[in-house]
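# Report on the structure
What follows is each chain in one-letter form.
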Amino acid sequence: MHRYQIHIEYVGTKFIGWQIQKKGHSIQRLIQRKLSKILKEKIILIGSGRTDRGVHAIEQSAHFECNKKIKDHKIFLKSANYFLNKELISILKIKKKKSTFHARYSAKMRSYLYVIYNRESPSSLNQDRGWHIKKKLNLNAMKEGAKKLTGTFNYSTFRSSSCGAKSPVRTIKNFTISKYKNTIKIRIKSKSFLQQQVRSMVGCLKYLGEEKWNIKYFEKIFKSKKRSLCAPPAPACGLFLEKVTY
C-alpha cells in the first residue's frame, strides 16, 4: 500500500462540515468519492481533524492509502481538481509519506484564523467568509483577553456540550489579534482544540470588544468552567483552518 498526504483548500459554506455523517453533504465524503473514481479503488480519507458546518480551510491536511503508486502528481491534481473545483474545493498538493504518518495523530500544531469585518456595511466580496460586526470594537480590550487565554488551562467554559474529548485541558501556544483598516484577524495556535473552542473564545472576546464585559468579568467567566456562562459562539463563516504543522 502507498500512503499519501494531501493539502486541501475549501469553502465550507454549503457543507455540513468535514466529517462524514449519516445525513448531509460533507467535504470528506465528496473528496473520497472523487478520489475513488480517479484511482479506481475504494479510498478512505483521514483528516487532521473535523471542521464544523460552514467553517473553511486554507490548508486542511489529510491522508489516504491506495494500492497503486501515483506516478504523476501533476496529473493527479489536475484530475482531482477538475471534479472538485466546482464545489469550491481544491487539492493544493500531494506528498508520498511513510506508513507511520497519520494526518491527525502526527500533527504537532494546528493554526486557526478568525476574520471579523468591523464596519457599518457588510462585505459583498467576502460574503460568508467573515463575521460582520457594526459596532466599533475595542481592540486593546480584546488583546488583553487573548493574553488571559494563552497558556495551559481548563477550557470547559468554551467547550461544546457535545464535545467528546477526554480532557478539557489544552495548551494555547499563540493567540494574536491584528487589525488592518476595518478587518480584524484573530490567530490561535494549539496542538489540539475542544469542539467549538475557537468560536466560543472569539464570541467572548467580542463581548470584551463591545465593552459588554470588562476584563475582570471575562476572567471570572473563564475560571468558572461553566459553559452556560459563555457568550454565544462566533458564527462559523468567519473561521478558517489555516495550517496543520507536523
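Residues numbered from 1 in each chain as written. Predicted model: local features only at pLDDT ≥ 70, side-chain atom pairs only at ≥ 80, totals over all residues. Heavy atoms only, no water.

Another aspect to go through is the overall build of the chain. When helices and strands are counted, the chain shows five helices and ten strands. By the compact-globule yardstick of 18 Å for 246 residues, the chain fits well, its C-alpha radius of gyration being 19 Å. The burial tally for the chain puts 50% of its 246 residues in the buried class. Restricting to contacts in the chain with at least 6 residues of sequence separation, those with at least 24 account for 70%. Entry remark: accessible area of the chain is about 13300 Å², with carbon and sulfur atoms responsible for 49%. A distance of 5 Å separates the average location of the 54 positive side-chain charges in the chain from that of its 14 negative side-chain charges. (Helix = DSSP H or I, 4+ residues; strand = E, 2+ residues; numbered from the N terminus. Rg over C-alpha atoms; globule rule 2.2 N^0.38 Å. Buried < 20%, exposed > 50% of the residue type's maximum accessible area, 1.4 Å probe, protein only. Contact = heavy atoms within 4.5 Å. Areas by Shrake-Rupley, 256 points an atom, 1.4 Å probe, with all protein chains shown as cover. Lys, Arg positive; Asp, Glu negative; His and termini not counted. Charge placed at Lys NZ, Arg CZ, Asp CG, Glu CD.)

What follows is about helix α2 (residues 73-84). Under the 1.5 Å per step criterion, the end-to-end length of α2 is 16 Å for twelve residues, consistent within 8% with the ideal 16 Å. Taken residue by residue, α2 has Phe76, Leu77, Ala80, Asn81 and Leu84 as its buried positions. Within α2, the buried residues cover an arc of 115 degrees as seen down the axis, which keeps them to one side. Of the exposed residues in α2, the ones pointing more than 90 degrees away from its buried face are Lys74, Ile75, Lys78 and Tyr82. Elements that come into contact with the buried residues of α2 comprise β1 (2-10), α1 (27-39), β3 (56-66) and β4 (89-97). Its side-chain oxygen 3.0 Å from the backbone nitrogen of Lys74, Asp72 forms the N-cap of α2. (Expected span 1.5 Å × (residues − 1). Arc of directions from axis to C-beta. Polar contact = N/O pair within 3.5 Å; in protein donor to acceptor, adjacent residues only side chain to side chain.)

Nonpolar side chains in soluble globular proteins tend to be buried together. Ile6, Phe64, Ile116 and Ile186 are the most contacted members of the largest nonpolar core, which totals 67 residues. Of the residues forming this core, the biggest block, seven residues, is contributed by helix α4 (residues 197-209). Setting aside its immediate chain neighbours within four residues, Ile186 contacts Tyr112, Leu113, Tyr114, Ile116, Met142, Phe175, Thr176, Ile177 and Val202. (Core = buried A, V, L, I, M, F, W, Y, C linked by side-chain atoms within 4.5 Å.)

Another aspect to go through is the packing of aromatic side chains. Evaluated as defined, the whole model comprises 14 aromatic pairs. Taken together, Phe153, Tyr155, Phe158 and Phe222 form an aromatic cluster joined through their ring pairs. Positioned over the ring face of Tyr4 is Lys96, at 5.6 Å from the centre of the ring. Its end group placed over the ring of Phe101, Lys97 keeps NZ or CZ at 4.8 Å from the ring centre. (Phe/Tyr/Trp six-rings, centres within 6.5 Å; stacked < 30°, edge-to-face > 60°. Lys NZ or Arg CZ within 6 Å of the ring centre and 35° of its normal.)

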